[in-house]
Amino acid sequence: MNVYDSARMADSLSPLGFEETLAPEGADLVIINTCHIRERAAEKLYSELGRLRLLKQERQAAGGKLTLAVAGCVAQAEGAELLARAPFVDIVVGPQSYHRLAELVTRSDDGARGLMDTEFPVEPKFDSLAPQRHAEGVTAFLTVQEGCDKFCTFCVVPYTRGAEYSRPAADIIAEARHLASLGAVELTLLGQNVNAYHGVGPEGADWGLARLIEELADVPGLARIRYTTSHPHDVDDALIAAHRDVPELMPFLHLPVQSGSDSILAAMNRKHTADEYRRLIGRLRDARPDLALSSDFIVGFPGETAADFEATLRLVRDIGFAQAFAFKYSPRPGTPAADRDDGVPEAEKDARLAALLDLLREQQDSFNDAMLGQIVPVLFEKPGRHPNQLVGRTPYLQPVHIDTSLMRTGLLDKTGMDLIGRIAETRLDERNAYSFSGTLINGVEQMTETMMRISA
Ligand code: SAH
Ligand code: SF4
């Protein structure tokens, strides 16, 4: 979501004459977009600010100016503290106020110092933050929902992103059409709790995520739809049916479970048990047998016993994940769990994290190995690092490299770059650490058919 938000911030500043640049050295304005989810993420901000402070001083010594802004959830959660600790920061702006960033930059240019906007304004920010000139490429993000009302006891999101909000369906569809017209073939619908989506539909009816996905699947040019991040409690029958009925909805679902222990899940306020999660996955797999799963886990939550952790390993073995993230619990200021006495020694937490990561890695490797030799539709996104190399992704987001000099197609330009933005059947020949090397199969026939499908 921060990637999407950063693009919207850049869009909103272009009327002031700003253009994006990759390095801070030549920039007039540097915005650091931050994450507050774990302590380590928040700490990165201060080391980055230390470097930028020197750059700002050099610029001033040379008679120039560099404006520094901090955006994102650290800005939201620690705005005042941040300005006290880093008084050389010019602008602090929280995620709900990005539509007012241009105004803040103008005020800063006019000489105002230490500007802070971390309110939750009532005016809907999305209205003035639609994507403009920025082509996001073949794969694009689209925020459909923001904020969260779940209040898991470890999580800062309900405090930093605020209450749950769903954008009107018509706005989302218009934005999706716009992104498709800029070349997007794959759309990832974003929300902190994306399947809690309940936006107003074009005729005033309440639309859930499934209804929205069905509608987006009809947008010309869009061939792949994904959504993230969803909560097990909000997976409804319609969403399960969408996984069965909508071919554009990719068979890869990130569905965080956090723990396999019922007492930990209850202490986390996750609103489901481990068996309910198992049953839910069963129903999803019945609907879409080739569905692969990804998840998030937290180890070392306060009070987690060895038996609780064993229950997590059991759940992982039962489900079998294609990929997953595991984090060591990080107490976050202001969350209910942060006050709980944490009886788990640090070394024990590290050992549990390592054991869980090992198991997840094993499962990921065997999932990938099982795909060797298979022919899968790959959406090609961009040139690779080597000459004649293209990179694309499978329906399961596995990166695939192909060597275009080996292609025998009359349809492509000499470099094969015409393939970018297209889906072509590709054989997965070799597995590297995180990606595959593949060969295009029946290039012309298959591609023409896919192109016809996409343009239809
Ligand atoms: N809305 C999503 C998660 C958003 S946060 C959900 O409900 O699952 C992304 C992930 O960060 C979470 O799934 C969780 O695994 C991790 N996380 C959040 N707070 C954390 C904390 N205090 N310590 C460690 N990991 C945390
Ligand atoms: Fe945080 Fe997700 Fe829980 Fe919401 S549902 S509080 S975003 S972990």
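What this report covers is the structure whose coordinates are included nearby. (Residues numbered from 1 in each chain as written. Chains lettered and ligands numbered in written order. Predicted model: local features only at pLDDT ≥ 70, side-chain atom pairs only at ≥ 80, totals over all residues. Heavy atoms only, no water.)

**Structural notes on the environment of R226**
- With respect to the helices and strands, the residue R226 is situated in strand 11 (residues 224-228).
- If near-sequence neighbours (up to four positions away) are discounted, R226 is found in contact with E186, L187, T188, L189, M250, F252, T394, P395 and L397.
- Here the side chain of R226 touches T394 through a polar contact of 3.4 Å, landing on its backbone oxygen. (Helix = DSSP H or I, 4+ residues; strand = E, 2+ residues; numbered from the N terminus. Contact = heavy atoms within 4.5 Å. Polar contact = N/O pair within 3.5 Å; in protein donor to acceptor, adjacent residues only side chain to side chain.)

**What about helix 1 (residues 2-13)?**
- Over its twelve residues, helix 1 runs 16 Å from end to end, which matches the ideal 16 Å to within 8%, given 1.5 Å per residue.
- Counted residue by residue, helix 1 has nine buried out of twelve residues, so it is predominantly covered.
- Residues of helix 1 that are buried include every one of Y4, D5, A7, R8, M9, A10, D11, S12 and L13, and no others.
- Looking at the buried side of helix 1, the elements it contacts are strand 1 (29-34), strand 2 (67-71), helix 4 (101-109), strand 5 (139-143), helix 6 (169-181) and strand 8 (186-190). (Expected span 1.5 Å × (residues − 1). Buried < 20%, exposed > 50% of the residue type's maximum accessible area, 1.4 Å probe, protein only.)

**Section: the site of ligand 2**
- Around ligand 2, the structure places C148, K150, F151, C152, F154, C155, V157, P158, H231 and R270.
- Residue composition of the shell around ligand 2, by class: seven nonpolar, one polar and two charged. (Near = heavy atom within 4 Å. Nonpolar A, V, L, I, M, F, W, Y, C, P; charged D, E, K, R; others polar.)

**Here we look at the packing of helix 1 against helix 4**
- Two elements in contact, helix 1 and helix 4, have axes whose closest approach is 9 Å; the angle formed by their N-to-C orientations is 55°. Classified by the angle their axes make, helix 1 and helix 4 are oblique. Handedness of the crossing formed by helix 1 with helix 4: right-handed. Touching M9, S12 and L13 of helix 1 are L101, A102 and V105, all from helix 4.
- Looking at the contact of helix 1 with helix 4 residue by residue, the classes come out as five nonpolar, one polar and no charged. (Axes fitted to C-alpha atoms, helices over the stretch in contact; angles between N-to-C directions. Parallel < 35°, antiparallel > 145°, perpendicular 65-115°, else oblique. Left-handed = near helix turned anticlockwise from the far one by under 90°.)

**Considerations on the sheet that holds strand 14 (residues 323-328)**
- Reading across from one edge, 12-13-14 is the order of the three strands in this open sheet, with parallel pairing throughout. Looking along the sheet, the strands with just one partner apiece sit at the ends: strand 12 (252-254) and strand 14. Here the average twist between neighbouring strands, direction ignored, is 10°.
- Here strand 12 runs beside strand 13 (residues 292-299); their pairing, made up of three bridges, is parallel. In the strand pairing of strand 13, F252 is matched with A292. (Pairing = 2+ DSSP bridges.)

Purely geometric numbers; function is a separate question.
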